[in-house]
Amino acid sequence: MDLFFHVIIVLEMTLINLSTIYMYSRHKKSPAVTWAVLGASMAAVIIPMMLLLHFWPVYGNGNGLFILLSVVFIIPLKCLLDESLRYIVALACSCWIYTMFAFSLSVRICYLLPGQWSAGYACAIQTAFYLATLHVFQRFIRQKLVYILQNLQRATMNRLLGLSIITLIFCMLTNYVFVMESSDVLRLILVCVQMAVAIISYNLLYSLVAANCMADRLRASAQLDVLTGLKNRKCLYADGDAMIRQHTPFTLFFMDLDRLKTINDIHGHQAGDRYLMAFSKAISQPFARVGEAYRISGDEFIFLYRGQDAAAMQQHLSSLEVCVEDGLAFQGVSLGMARFPEDAQTLQELIACADARMYRHKGDRRMEDQHRWDAP
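This report concerns the structure included in the present document. (Residues numbered from 1 in each chain as written. Predicted model: local features only at pLDDT ≥ 70, side-chain atom pairs only at ≥ 80, totals over all residues. Heavy atoms only, no water.)

**Things to note about the pairing of strand β2 (residues 291-295)**
Our working rule: Think of it in three bands: residues with accessible area under 20% of the maximum for their type are buried, residues over 50% are exposed, and the middle band is partly exposed, with areas taken using a 1.4 Å probe on protein chains only. Strands here mean DSSP runs of E at least two residues long; helices mean DSSP runs of H or I at least four residues long; both are numbered from the N terminus. Between any two strands, pairing holds if DSSP finds at least two bridges.
The element β2 is extensively covered by neighbouring structure, given that four of its five residues are classed as buried. In the sheet, β2 pairs with strand β3 (residues 300-305) via five bridges, with the strands oriented antiparallel. Counted as the bridge partner of E292 is L304 from β3. Where β2 hands over to β3, the hairpin turn is made up of four residues, counted between the paired strands.

Rendered as structure tokens:
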């Protein structure tokens, strides 16, 4: 009778592993061909296991050595599935870790029960465990593990694969040491494997953290103007729309540098770049506590002011003292402002309103300059 329950235990584990791998992989063959080949592979595992149980009774006392025969499934899976070997092995190891844990848990519970070891009790406990947890495990595979395996870089994938294999070995050794009267050498090997799991886990964690940091730097650089270091147009819309959604009042100042083209034509574009950087520094550092500056095009800037005294802020921006290298005098800036929510309800409308007012300001300044030159 124990032989029957041993076969049921192995069949249960194998069917769960193979069906899970099959569900979350792309297929080369039809379902009929796939399961025919896998069925033949299962027979290749179970028949040797039954022979081992007959000639080596200690093999059936819950030590879990039968899992060593599961390596034969890798070959047919690679032939039947349209996935890389790394993907298949990593997914298979995750499945075997789950079923090995279910088996080990069942064995440990059986040894706690009064009487001798019983494969029937272990089979019943293992089946109950699968009924309670299999849907949770497969949901984890579907929602998380498949995404991880499909999107990892090659180096990180290799670390994950190594961690999966060494963790499976650790689960097997742990169960074997608990069941068998193991030697000190085997216990030492188990300790070493445990340390290897920890080291590989930390290496994998390091690679993931490094990848996240790189992604954060790339994301930040995508939101910054390369020349001035100010936030760019994309970031302006993200920040402005967020403030509007939160109904946070603010004032938008649209600024246009005067005579930048003249500076580029006379002194060269490198001098013009230094001019832009000097202006960017002047509008960002002194006012960092009350707002944020953005460069949205060559000589156009926007400042989102979060304070209450917009008139005073307008005066500060209009009378900026900009220290420019190369002895260049600051040529001034034209600006217009628009308030949210008084002047407009969207960021695009606020920009258009402030832009129109800026051009009126620029026109008024040109008329003042013209009158000044025309005066006797």
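Following the structure, the description resumes.
**Concerning the environment of C235**
Heads up, the condition is: Residue contacts follow a heavy-atom distance rule, with two residues in contact if any of their heavy atoms lie within 4.5 Å.
Structurally, C235 is set in helix α8 (residues 233-245). Counting along the chain gives 60 residues from C235 to R295, while the straight-line C-alpha distance between them is 9.9 Å. Non-local contacts of C235, meaning those with residues more than four positions away in its chain, are made with Q223 and Y294.

**What to know about the nonpolar core**
Convention followed: We define a nonpolar core as any set of buried Ala, Val, Leu, Ile, Met, Phe, Trp, Tyr and Cys residues linked to one another through side-chain atoms lying within 4.5 Å.
Counting 55 residues, the largest nonpolar core has L77, L91 and L149 as the members making the most contacts within it. For this core, the elements supplying multiple residues, two or more each, are α1 (2-23), α2 (31-55), α3 (74-80), α4 (85-112), α5 (119-151), α6 (154-179) and α7 (184-222). Ranked by residues supplied to this core, first place goes to α4 with 15 residues. Setting aside residues no more than four positions away along its own chain, L149 makes contact with Y87, A90, L91, M157 and L160. Within the second largest apolar cluster, 28 residues are counted, among which are M313, L320, V322 and L335.

**Describing the pairing of strand β4 (residues 333-340)**
In terms of burial, β4 is largely enclosed, as seven of its eight residues are buried. By the bridge criterion, eight bridges tie strand β1 (residues 250-257) to β4 in an arrangement that is antiparallel. From the neighbouring strand, F250 faces β4, where its bridge partner is F340.

**Some words on the side chain of T34**
The condition is simple: Contacts described as polar in this section are N or O atom pairs within 3.5 Å, which, within protein, must combine one atom able to donate a hydrogen with one able to accept it, while residues neighboring in sequence count only if both atoms come from side chains.
The residue T34 is located in helix α2 in this model. Within the structure, T34 has its side chain in polar contact with the backbone oxygen of S30 (distance 2.9 Å). Beyond its immediate sequence surroundings of up to four residues, T34 is in contact with Y22, K29 and L80.

**A look at the sheet that holds β4**
To keep it simple, the criterion reads: For helices, the fitted line uses only the C-alpha atoms of the stretch in contact; every axis is such a line through C-alpha atoms, and the angle between N-to-C directions lies from 0 to 180 degrees.
Strands sit in the order β2-β3-β1-β4 across an open sheet of four strands; the sheet is antiparallel. For this open sheet the edge positions go to β2 and β4, each flanked by a neighbour on one side alone. Averaged over neighbouring strand pairs, the angle between their axes works out to 20° when direction is ignored. The strands that helix α11 (residues 310-318) touches are β1, β3 and β4; relative to β4, the one it contacts most, it runs at about 160°.

**A look at α11**
Selection rule: Think of the arc as the fan of directions from the helix axis to the C-beta atoms.
Those residues of α11 that fall on the buried side of the exposure criterion are A310, M313 and L317. The arc that holds the buried residues of α11, viewed along the axis, is 60°, so those residues lie on one side. Residues of α11 that are buried in the fold lie against β1, α10 (269-284), β3 and β4.

**Things to note about the packing of α4 against α5**
Packed helices, taken two at a time, are described by the angle their axes make and the gap between the axes. Put simply, the test is: Angles below 35 degrees are treated as roughly parallel, those above 145 as roughly antiparallel, those between 65 and 115 as roughly perpendicular, and all remaining angles as oblique. Here is the rule for handedness: rotate from the far helix to the near one, and if that takes an anticlockwise turn smaller than a right angle the crossing is left-handed, while a clockwise turn gives right-handed. Here the nonpolar group is Ala, Val, Leu, Ile, Met, Phe, Trp, Tyr, Cys and Pro; Asp, Glu, Lys and Arg are the charged ones; every other residue, Gly included, is treated as polar.
For the pair α4 and α5, the least separation of the axes is 10 Å and the interaxial angle reads 155°. The orientation of α4 with respect to α5, classified from their angle, is roughly antiparallel. Read as a crossing pair, α4 and α5 show a hand that is right-handed. Taken together, the residues of the contact of α4 with α5 sort by class into 22 nonpolar, six polar and no charged.

**Details of the pattern of salt bridges**
The test is simple: One speaks of a salt bridge when a side-chain nitrogen belonging to Lys or Arg is within 4 Å of a carboxyl oxygen belonging to Asp or Glu.
For the structure on display, the rule yields nine salt bridges. A salt bridge links K231 to D239; the shortest N-O distance between them is 3.3 Å. The class for K231 is partly exposed, based on a relative accessible area of 24%. Exposure remark for D239: the relative accessible area of 22% places this residue in the partly exposed category. E292 is the partner of K231 in a salt bridge, and the nearest nitrogen-oxygen pair spans 3.9 Å. With a gap of 61 residues between them, K231 in the loop between α7 and α8 and E292 in strand β2 connect regions that are remote in the sequence.

**A few points about the side chain of S164**
Tracing the sequence through the fold places S164 in helix α6. Relative accessible area serves as the criterion here: at 8%, S164 is assigned to the buried category.

**Remarks on the packing of aromatic side chains**
Using the following cut-off: Stacked, tilted and edge-to-face pairs are distinguished by plane angle, under 30 degrees for stacked and over 60 for edge-to-face with tilted covering the rest, among Phe, Tyr and Trp rings (Trp via its six-membered ring) whose centres lie within 6.5 Å.
For the structure on display, the rule yields 13 aromatic pairs. Taken together, a centroid distance of 5.5 Å and an interplanar angle of 55° make the contact between Y22 and W35 tilted. Placement of Y22 in helix α1 and of W35 in helix α2 is noted, with a sequence separation of 13 residues between them. Taking the relative accessible area as the measure of exposure, W35 reaches 30% and is therefore partly exposed. Consider the rings of F279 and F301, whose centres lie 5.0 Å apart with planes at 70°: the pair is edge-to-face. Placement of F279 in helix α10 and of F301 in strand β3 is noted, with a sequence separation of 22 residues between them. Both residues of the pair, F279 and F301, belong to the buried class. An aromatic cluster of three or more residues is present, and its members are Y98, F101, F129, Y130 and F137.

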